[in-house]
Amino acid sequence: MISYIIRRLIMLIPVLIGMSIITFSVVHAIPGDPARTIVGDKATPAQIQEIRENLGLDKPAYIQYFTYVKDILQGDLGTSLITKQEISKEIKPFLAATTELAVVAMLIAVFFGVNLGILSAWKQNSWFDYTAMLIALIGVSMPIFWLGLMEQWFFAQELDLLPSNGRLDPRMEFDAITNFYSIDAIIQGNWYAFQDVLLHLILPAVALGTIPMAIIARMTRSSMLEVMRSDYIRTARAKGLGEFWVIYKHTLKNAFIPVLTVVGLQLGLLLGGAVLTETIFSWPGVGRYIFDAINARNYPVIQSGILILATIFVLINLIVDLLYAWVDPRIQYGKGE
Amino acid sequence: MNKRGLILSLSVTLLATSFLVACGGKDPNAGSGKSKTLIYGRGADSVGLDPSQQTDGESLKVTKQVLDTLVDYKDDSTEVVPGLAEKWEKSKDGLTWTFHLKQGVKFHDGTPFNAEAVVFNFERWMDKKNPYHKGDYPYYGYMFGGFKGDPGHVMKAVTAVDANTVKFELAKPQGPFLNNLAMSSFGIGSPEAIKKDPEGVKFNQSPVGTGPFKFVEWKKNDSITLAKNPDYYEKGLPKMDKVIFKSIPDNAARFTALKSGDIDMMDGLNPDDAKLVEADKKLQLKLRPGMNVGYLALNTTKKPFDKPEVRQAINLATNKKGIIESFFAGYAKPAINPMPDVVWGFNKETQDYEYNLEKAKSLLEKAGYPNGFDVEFYAMTEPRPYMPNGKKVAEFMQEDLKKIGINAKIVTYDWQTYKDRVGKGEHQMALYGWTGDNGDPDNFLYVLLDKDNTRTPDAGNVAFYKNDALHDTLIKAQQSTDQKARTDLYQKAQEIIKKDAPWVPLVHATVPEAARAEITGWIPHPTGSDKLLNVSIGK
């Protein structure tokens with residue numbers, strides 16, 4: 001098991017090298033110039049040239065790349081060209097904000113997705129099945145920005161029930177310690193803030209969780225249907241076990257592996273691809289941080305940001321693979337070596 | 001834990017969450033009236049808060065509240081009024097300016113504001129060898145002709161005559177000098193705070209000035225909180241205890257937040273939503289006079305726009321009223337001159353080209369293009385303050401051009417690439433625009449149309465229009481400090497430009513913004529940075 005983990009972690013290295021080369025080339029291939037963003041639209045060519053030199057942008061691309069790799073190896077993710085802040089420091093609150101949102105979105109997606117899928121499989125071809133799968137189909141095809149705006153309109157503006165944007169009422173005094181606001185509120189024993197944080201999470205998490213929920217529901221259903229036809233399920237029924245236990249205990253256990261794969265992949269996607277949700281709900285997350293960096297041609301932020309996201313993505317997949325063994329003891333890693 | 005345990009724990013978490021949510025009501029203090037807190041919603045976060053290092057409006061909008069300048073703009077125009085300097089005089093030759101400072105003013109850290117502090121700030125900006133010169137200071141270089149030692153640098157020396165008097169000696173007279181000093185970028189910071197930050201990083205995150213509000217906290221991409229400066233030199237001001245600048249990137253979402261009372265005022269209103277604001281009793285519409293111009297630059301170095309008749313023909317074929325009605329929801333003024341009438345020196349006599357396709361066609365014939373021509377029409381896709389929807393405007397104009405035989409193919413790029421190509425002069429015709437910096441005519445006419453600014457790859461004059469008579473006029477006006485003489489010169493310059501028609505000046509966008517009905521004292525300023533010290537909720 002341990003050797004398997006180490007092997008997987010070593011495999012991370014070529015992935016990251018490849019990733020960094022691709023990101024670097026793409027970033028430098030897009031036209032435009034960070035120096036221009038720094039001094040504004042109105043700088044003189046001499047000013048721009050000077051900044052280019054200060055940033056080392058006048059050097060050949062391969063030298064810039066090796067400088068970048070050298071810094072990364074020394075644990076230095078670089079400095080944002082625009083804000084002049086260390087990226088490793090600057091990105092933390094954004095990563096925390098995105099992770100908090102993605103995890104809650106995923107909890108919603110898994111809870112509703114798995115149960116919808118199970119019930120649909122259980123009552124296959126019933127009206128419930130059809131309705132649930134229709135909802136799932138709509139969910140997969142729903143544009144997030146539209147769903148987000150509709151949520152805001154209905155729940156914030158018309159019903160005035162939930163806050164429309166942000167992580168917390170800005171009037172509230174609140175110290176961000178870990179930058180996971182829900183955890184921070186608990187640490188500080190500030191239940192009022194805790195409630196407010198949860199309220200702020202609902203709309204964006206539902207918007208973000210809708211597509212994964214729909215995918216999970218469909219995956220669970222088909223996986224369940226397959227397992228339900230196997231012999232051991234018939235045996236379980238034959239020995240007189242209640243249908244609920246047959247479904248939730250025996251079937252789900254074996255049907256869960258493909259679902260777990262989808263959950264892992266979707267969580268990885270949510271962490272990096274939440275730009276739209278973050279924009280509509282003014283969620284100060286990492287997606288928008290990198291998106292803004294792309295617009296500003298803020299090379300170090302794009303490069304290091306994508307590198308971090310890629311690492312997280314790979315790690316989540318590793319964790320999912322390890323979970324397989326936990327869900328299904330027949331799967332064992334590192335045997336026979 | 002088996003899989004059922006997993007499912008079970010997930011369900012419990014979710015149920016607990018929904019239960020908590022159901023129990024939680026709204027914050028009783030969150031209602032906009034009670035806490036004397038003002039929330040200003042805007043599209044993007046600030047880049048940094050040391051104004052001398054920044055050029056973006058979102059940064060300067062905040063620093064305007066924290067750092068005061070020597071002289072200031074009037075509440076609703078770019079006319080210069082006293083700021084930290086009570087009064088000033090200049091020598092006859094315009095080379096020496098003496099400023100008399102307000103007395104008894106303190107920085108937020110308690111240190112005194114005086115002539116030494118002013119000198120310290122200017123030394124820091126202008127001298128690359130100064131130990132606290134830790135940045136690019138783009139606006140300083142741009143407004144004052146570079147830095148110490150550069151051939152064009154106008155600032156010869158800044159000295160403290162006594163504790164409350166500062167003398168500026170200039171290398172050559174600079175017409176827009178006072179207007180430059182009024183810019184938010186030249187806000188005076190506390191020397192003590194700057195000295196405590198030798199790397200020049202901290203001051204940019206938490207500035208210390210003499211302004212009506214003190215910096216409190218910055219949550220990146222989320223909010224910036226300022227609190228009332230109790231020692232502010234104007235008694236009884238500011239009226240609010242707290243101002244929070246909240247970033248809400250999506251225009252529609254920001255408008256929803258305003259309607260539901262999550263924020264008190266907002267900029268970046270979609271023109272179409274302006275009508276909704278007018279109809280809503282709980283809201284009020286504010287119109288920010290536009291110190292901007294959106295125009296179509298005709299590249300005079302490329303065929304067929306080397307011929308003035310062709311350029312005039314394009315002017316005649318442009319329906320500005322139609323553009324304003326269709327894409328600005330009426331919130332814009334048709335542009336006659338290259339600069340808007342909120343800038344002094346605007347020539348009221350200039351006659352605009354009428355919208356007349358017949359006349360345009362006959363001019364084209366005269367220029368030798370009876371059958372028209374094919375042309376590439378650059379249009380920006382990203383909304384700009386002076387052009388919310390460049391591509392649609394281009395498509396609108398394309399129709400009229402077709403009628404006079406011109407076959408325009410619309411070309412688009414992302415904004416950075418677009419600026420890059422236009423700055424290099426790769427276009428034949430391009431939609432472009434400008435937002436003024438200091439409210440001086442020089443900042444429009446010289447920057448956008450003088451032959452000095454046709455240098456690639458970063459041309460400001462993207463029509464690449466070169467006219468020696470205009471150049472002489474603009475340089476004379478630049479070096480004069482006599483307001484009357486300068487006004488006359490700029491009037492003349494606008495006539496020359498009108499006749500040569502290097503552009504089709506299109507619009508000066510008025511920017512619609514909105515606030516809750518109970519907000520008073522908010523006057524949107526043409527520079528985009530408003531003083532919020534008079535703003536209050538109710539009364």
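Every chain begins its residue count from 1, and numbering advances along the sequence as written. A letter from A marks each chain and a number from 1 marks each ligand, given out in the order of writing. With pLDDT at 70 or above as the cut-off, local features in this predicted model cover only qualifying residues; side-chain atom pairs require 80 or more to be listed or tallied, and sums for whole chains, interfaces and linings still use all residues. Values shown for side chains rest on all heavy atoms present in the structure; no hydrogens or waters enter the calculation.

- An unreviewed UniProt entry lists chain B under the name Peptide/nickel transport system substrate-binding protein, with Baia soyae as the source organism.
- For the record of chain B, the UniProt heading Sequence similarities (unreviewed entry) holds the text "Belongs to the bacterial solute-binding protein 5 family." UniProt positions are given in the numbering used here, feature names are shortened, and annotations may be inferred rather than shown by experiment.

- Going by the annotation in an unreviewed UniProt entry, the name recorded for chain A is Peptide/nickel transport system permease protein, with Baia soyae given as the source organism.
- Taken from UniProt, the Sequence similarities (unreviewed entry) comment for chain A reads in full: "Belongs to the binding-protein-dependent transport system permease family."
- Its UniProt record gives chain A a comment under Subcellular location (unreviewed entry), which states: "Cell membrane".

**Observations concerning the UniProt feature "domain: Solute-binding protein family" (unreviewed entry) in chain B**
Turning to step 1, where the next piece is worked out: Within the UniProt annotation, "domain: Solute-binding protein family" (unreviewed entry) is assigned to residues 79-453 of chain B.
Turning to step 2, where the next piece is worked out: Elements are defined by DSSP. Helices are runs of H or I of four residues or more, strands are runs of E of two residues or more, and each kind is numbered from the N terminus. Regarding residues 79-453 of chain B, the helix share stands at 29% and the strand share at 22%, and the terminal C-alpha atoms are separated by 26 Å.

**As for the interface of chain A and chain B**
Turning to step 1, where the next piece is worked out: Each partner contributes to the interface: chain A provides 67 residues, whereas chain B provides 69 residues.
Turning to step 2, where the next piece is worked out: Each of two parts loses accessible area, computed with a 1.4 Å probe, when they are put together; buried area is these two losses added. In total, about 5900 Å² of surface goes out of reach between chain A and chain B, with carbon and sulfur atoms giving 57% of it.
Turning to step 3, where the next piece is worked out: Note on definitions: salt bridges are taken to be side-chain nitrogens of Lys or Arg within 4 Å of carboxyl oxygens of Asp or Glu. At the boundary of chain A and chain B, one finds five salt bridges.
Turning to step 4, where the next piece is worked out: Between Glu-173 of chain A and Lys-242 of chain B there is a salt bridge, with the nearest N and O atoms lying 3.4 Å from each other.
Turning to step 5, where the next piece is worked out: For the purposes of these results, a polar contact is taken to be a pair of N or O atoms within 3.5 Å, where, inside protein, one atom must be able to donate a hydrogen and its partner to accept one; residues adjacent in sequence count only when each atom of the pair is a side-chain atom. Our enumeration of links across chain A and chain B arrives at five residue pairs in polar contact (both at pLDDT 80 or more).
Turning to step 6, where the next piece is worked out: At the level of secondary structure, the elements contributing two or more residues to the side of chain A that touches chain B comprise helix H2 (34-39), helix H3 (45-55), helix H5 (87-122), helix H7 (144-158), helix H9 (191-228), helix H11 (243-272), helix H12 (275-280) and helix H13 (286-296) of chain A.
Turning to step 7, where the next piece is worked out: Gly is put with the polar residues, along with every residue not named as nonpolar or charged; the nonpolar set is Ala, Val, Leu, Ile, Met, Phe, Trp, Tyr, Cys and Pro, and the charged set is Asp, Glu, Lys and Arg. Partitioned by chemical class, the residues of the side of chain A that touches chain B number 35 nonpolar, 16 polar and 16 charged. Any two residues whose heavy atoms approach within 4.5 Å at even a single point are treated as in contact.

**A closer look at the domain arrangement of chain B**
All names here are of chain B.
Turning to step 1, where the next piece is worked out: Annotation comment: domain bounds sourced from an automatic or database domain assignment. We note that the domain assignment places domain 1 (29-45 + 220-289 + 512-537), domain 2 (64-204) and domain 3 (292-509) within chain B.
Turning to step 2, where the next piece is worked out: Centre-to-centre, using C-alpha coordinates, domain 1 lies 34 Å away from domain 3.
Turning to step 3, where the next piece is worked out: In this assembly, twelve residues from domain 1 lie in contact with six residues from domain 3.
Turning to step 4, where the next piece is worked out: The three residues of domain 1 that bury the most area against domain 3 are Pro-271, Lys-275 and Pro-289, which together make up 48% of that side's buried surface.
Turning to step 5, where the next piece is worked out: Joining domain 1 to domain 3, the criterion identifies one residue pair in polar contact (both at pLDDT 80 or more).
Turning to step 6, where the next piece is worked out: Of all the secondary-structure elements, those providing two or more residues to the side of domain 1 that touches domain 3 are helix H9 (271-279) and strand E12 (283-288).
Turning to step 7, where the next piece is worked out: A per-element tally of the side of domain 1 that touches domain 3 places H9 first, with five residues.
Turning to step 8, where the next piece is worked out: Across the side of domain 1 that touches domain 3, the residue classes break down as seven nonpolar, one polar and four charged.

**Let's talk about the pattern of salt bridges**
Proximity of charged atoms lets side chains of opposite charge pair with each other.
Residue and element names in this part refer to chain B.
Turning to step 1, where the next piece is worked out: With the rule as written, the count across this model stands at 39 salt bridges over all chains.
Turning to step 2, where the next piece is worked out: In this structure, Lys-64 engages Asp-72 in a salt bridge whose closest nitrogen and oxygen atoms are separated by 2.9 Å.
Turning to step 3, where the next piece is worked out: A salt bridge links Lys-219 to Glu-217, with the shortest nitrogen-to-oxygen separation between them at 3.8 Å.
Turning to step 4, where the next piece is worked out: Of the residues examined, Glu-217 reaches a relative accessible area of 31% and is grouped as partly exposed. Accessibility here uses a 1.4 Å probe with only protein chains present; expressed as a share of the type maximum, an area under 20% marks a residue as buried, one over 50% as exposed, and anything in between as partly exposed.

**Topic: the sheet that holds E12 of chain B**
Strand pairing in a sheet takes place through backbone hydrogen bonds and is either antiparallel or parallel in direction.
Residue and element names in this part refer to chain B.
Turning to step 1, where the next piece is worked out: Strands sit in the order E8-E9-E10-E1-E11-E19-E12 across an open sheet of seven strands; the sheet is mixed. Of all strands in the sheet, those with a lone pairing partner are strand E8 (213-219) and E12, marking the two edges.
Turning to step 2, where the next piece is worked out: Only when DSSP finds a minimum of two bridges between them are two strands counted as paired. Of the pairings in the sheet, the one linking strand E9 (residues 223-228) to strand E10 (residues 242-247) comprises five bridges and is antiparallel in character. Of the residues in E10, the one forming a bridge with Ser-223 is Lys-246.

**Observations regarding a nonpolar patch on the surface**
Residue and element names in this part refer to chain A.
Turning to step 1, where the next piece is worked out: By definition, no residue in a patch forms a salt bridge, and every one has over 30% relative accessible area; like charges are joined within 9 Å, nonpolar side chains (Val, Leu, Ile, Met, Phe, Trp, Tyr) within 5 Å. Computed by Shrake-Rupley with a 1.4 Å probe, the accessible areas treat only the displayed protein chains as cover when residues are assessed. Taken together, the side chains of Phe-145, Trp-146, Met-150, Trp-153, Phe-154, Leu-159, Leu-161 and Leu-276 present a nonpolar region at the surface, about 770 Å² in accessible area.
Turning to step 2, where the next piece is worked out: Per-element tally for the nonpolar patch: the top contributor is H7, with five residues.
Turning to step 3, where the next piece is worked out: Note that Phe-154 resides in helix H7.
Turning to step 4, where the next piece is worked out: Judged by relative accessible area, Phe-154 falls into the partly exposed class, the value being 36%.

**Concerning the layout of surface pockets**
Residues and elements named next belong to chain A.
Turning to step 1, where the next piece is worked out: In this analysis a 1.4 Å probe is tested at points of a 1 Å grid over the protein atoms alone, and where it fits but cannot get out there is a cavity; an open set with protein on both sides within 12 Å along at least five of seven lines is a pocket; lining residues have an atom within 4 Å of a point. Grid points are joined across faces, edges and corners, and a volume is the space filled by probe spheres set on the points. In this model, the second largest pocket occupies a volume close to 730 Å³.
Turning to step 2, where the next piece is worked out: Around the second largest pocket, the lining is made up of 28 residues, and of these Asn-54, Leu-55, Thr-79, Leu-81 and Pro-300 lie nearest the centre.
Turning to step 3, where the next piece is worked out: Contributions of two or more residues to the lining of the second largest pocket are made by helix H1 (2-29), H3, helix H4 (61-73) and helix H14 (299-327).
Turning to step 4, where the next piece is worked out: Element by element, the count of residues in the lining of the second largest pocket is highest for H4, at five residues.
Turning to step 5, where the next piece is worked out: Tallied by class, residues from the lining of the second largest pocket come to eleven nonpolar, ten polar and seven charged.

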